[in-house]
Amino acid sequence: MTTRRTLIKLSVATLAAGLLAAHAFADANKPVIALLPGVVDPFYFTMHRGAEKAAKEEGVELLFQVPKSWNTTEQVPILKAFIAKKPDVLLISPVDKQQLVQPLKEAVDAGIKVITVDTYIGDGKYQTGKGDADFPLSYIASDNTEGGRIAARALAKAIGDKGEVYCEDNKPGISSTDARVDGFLEEMKKHPNIKVLDTQYNEDDANKAAAHIAAILARNPNLAGVFGANTFSGKGAAEGVKKAGKTGKVKVVVFDAVPGIDQDIKSGLVDIAIAQKPAEMGYYGVKYGADAARGKKIPAQKGTGFVVLDKSNIDGDGKQYIYSN
Ligand code: T6T
């Protein structure tokens, strides 16, 4: 004879199962995706717009919060706040290859799926079953090493394949900019008449980058060129060259295409800019996230390409690739 107590237990279990199913249905029906970039800059605001476009198409609720500066002390607290909100998916640009491994592991332990956009943790090879940092589901970004090689080839051509050059970079430990500088240095080895001076680090501060140009010109008056590995590095290097009255004499090649890059290219201050496709990173990040939240398998890696901007296309096809705030 079924006792009253068993009946109550049964109905509670049925109710719980019902709620879980409802929650799973709600999840799959309207996945919640949190986008956590590296820092406040036009690159990531352009990424956000791509993410918003995909969120509309997929019926996704998109959360978004941006660290004030490029630092683990800024990004990790926001990450922990997002984990507490239990989104289905976290789309993140880890600001350091090693220091974000453990905080992201906690997200996965909390049942949140992780996808990295623009930068990666560990070696960026995910779902391999190897190492302690392969747990994210996908990595969506530019081929930064190849981008660095393209920058080196362009700078070598701009300076007549001889003279002194150097890289202006953010800080070591960031997968994207590290790869660009590695690609640049690797390619420069093929140019024996070009002397590569030590890389300078500006902590994402354009004023520091400009000051580096002044200091290097004081020591190396024959400086022929500089490669700015990201927005702040490029902007600061260009400002430093302008301040030194060396526009067009010291050749400037930059990664990224911030608002105003068209003026800098037309004035001859910047020779080429390598424009990434941050909107595509955001767009595919949300598309993959929605698929993963709905139990679909997603590719472990996606390249989004880039476009080389110079005087020949900056007022034409190239204009559409300039980031916006
Ligand atoms: O260059 C981009 C991004 O790809 C890199 O990871 C960090 O710097 C930027 O956001 C530009 O500031």
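Residues numbered from 1 in each chain as written. Predicted model: local features only at pLDDT ≥ 70, side-chain atom pairs only at ≥ 80, totals over all residues. Heavy atoms only, no water.

1. Some points on the packing of aromatic side chains
Part 1: For the structure on display, the rule yields 10 aromatic pairs.
Part 2: Seen from their ring centres, F43 and Y323 are 5.6 Å apart, and the 65° between their planes marks the pair as edge-to-face. Here F43 is found in helix α2 (residues 42–58), whereas its partner Y323 is found in the segment after β13 (306–309), with 280 residues between them in sequence. Like F43, the residue Y323 is buried in the burial classification.
Part 3: Counting every residue linked through ring pairs, the aromatic cluster contains F43, Y44, W70 and Y323. (Phe/Tyr/Trp six-rings, centres within 6.5 Å; stacked < 30°, edge-to-face > 60°. Helix = DSSP H or I, 4+ residues; strand = E, 2+ residues; numbered from the N terminus. Buried < 20%, exposed > 50% of the residue type's maximum accessible area, 1.4 Å probe, protein only.)

2. A word on the domain arrangement of the protein
Part 1: Each domain of the protein was delimited in the assignment, giving domain 1 (32–141 + 278–305) and domain 2 (144–275).
Part 2: The C-alpha-based centres of domain 1 and domain 2 are spaced at 29 Å.
Part 3: Taken together, the contacts link 14 residues of domain 1 with 16 residues of domain 2.
Part 4: Of the roughly 1,000 Å² buried between domain 1 and domain 2, counting both surfaces, carbon and sulfur atoms make up 53%.
Part 5: Taken as a group, P42, W70 and K97 account for 43% of the area that domain 1 buries against domain 2, more than any other trio of residues on that side.
Part 6: At the surface where domain 1 touches domain 2, the tally comes to 1 salt bridge.
Part 7: Counting across the domain 1 and domain 2 interface gives 4 residue pairs in polar contact (both at pLDDT 80 or more). (Domains from an automatic or database assignment. Contact = heavy atoms within 4.5 Å. Buried area = accessible area lost by both parts, 1.4 Å probe. Salt bridge = Lys/Arg side-chain N within 4 Å of Asp/Glu carboxyl O. Polar contact = N/O pair within 3.5 Å; in protein donor to acceptor, adjacent residues only side chain to side chain.)

3. Quick look at the side chain of N144
Part 1: Take N144: it is sitting in helix α5 (residues 144–158).
Part 2: Residue class for N144 comes out buried when judged on its relative accessible area of 4%.
Part 3: With residues near it in sequence (within four places) discarded, N144 still touches D118, Y139, S176, A179, R180, F255 and Q276.

4. Thoughts on the site of the ligand
Part 1: The environment of the ligand is formed by 13 residues, the closest being D41, D118, S176, T231 and D256.
Part 2: A distance of 2.6 Å separates an oxygen atom of the ligand from a polar side-chain atom of D118.
Part 3: The side chain of T231 places a nitrogen or oxygen atom 2.6 Å from an oxygen atom of the ligand.
Part 4: About the coverage of the ligand: the protein hides 100% of its 300 Å² of free accessible area.
Part 5: Looking at the shell around the ligand, the elements that each hand over two or more residues are α2, α6 (175–188) and α8 (231–243).
Part 6: Of the residues that constitute the shell around the ligand, the class distribution is 4 nonpolar, 5 polar and 4 charged. (Near = heavy atom within 4 Å. Areas by Shrake-Rupley, 256 points an atom, 1.4 Å probe, with all protein chains shown as cover. Nonpolar A, V, L, I, M, F, W, Y, C, P; charged D, E, K, R; others polar.)

5. Regarding the sheet that holds strand β3 (residues 89–92)
Part 1: One open sheet accounts for 6 strands, arranged β2-β1-β3-β4-β5-β12; its pairing is parallel. The open sheet is flanked by β2 (61–64) and β12 (301–303), the only strands paired with a single partner. On average, adjacent strands in this sheet sit at an angle of 20° to one another, irrespective of strand direction.
Part 2: Note: strand β1 (residues 32–36) against β3, 4 bridges, orientation parallel. Counterpart to L36 in the pairing with β3 is I92.
Part 3: Together, β1, β2 and β4 (113–117) form the strand contacts of α2, whose direction differs from that of β2 by roughly 165°. (Pairing = 2+ DSSP bridges. Axes fitted to C-alpha atoms, helices over the stretch in contact; angles between N-to-C directions.)

6. Details of the UniProt feature "domain: Periplasmic binding protein" (unreviewed entry) in the protein
Part 1: Here the UniProt feature "domain: Periplasmic binding protein" (unreviewed entry) sits at residues 37–297.
Part 2: Here residues 37–297 is 45% helix and 17% strand, with 24 Å between the C-alpha atoms at its ends. (UniProt positions renumbered as here; feature names shortened; annotations may be inferred.)

7. Details of the side chain of K287
Part 1: Looking at where K287 falls in the secondary structure, it is placed in helix α10 (residues 278–293).
Part 2: With relative accessibility at 19%, the residue K287 sits in the buried group.
Part 3: Among all residues touching K287, those that are not within four sequence positions of it are A54, E57 and E58.

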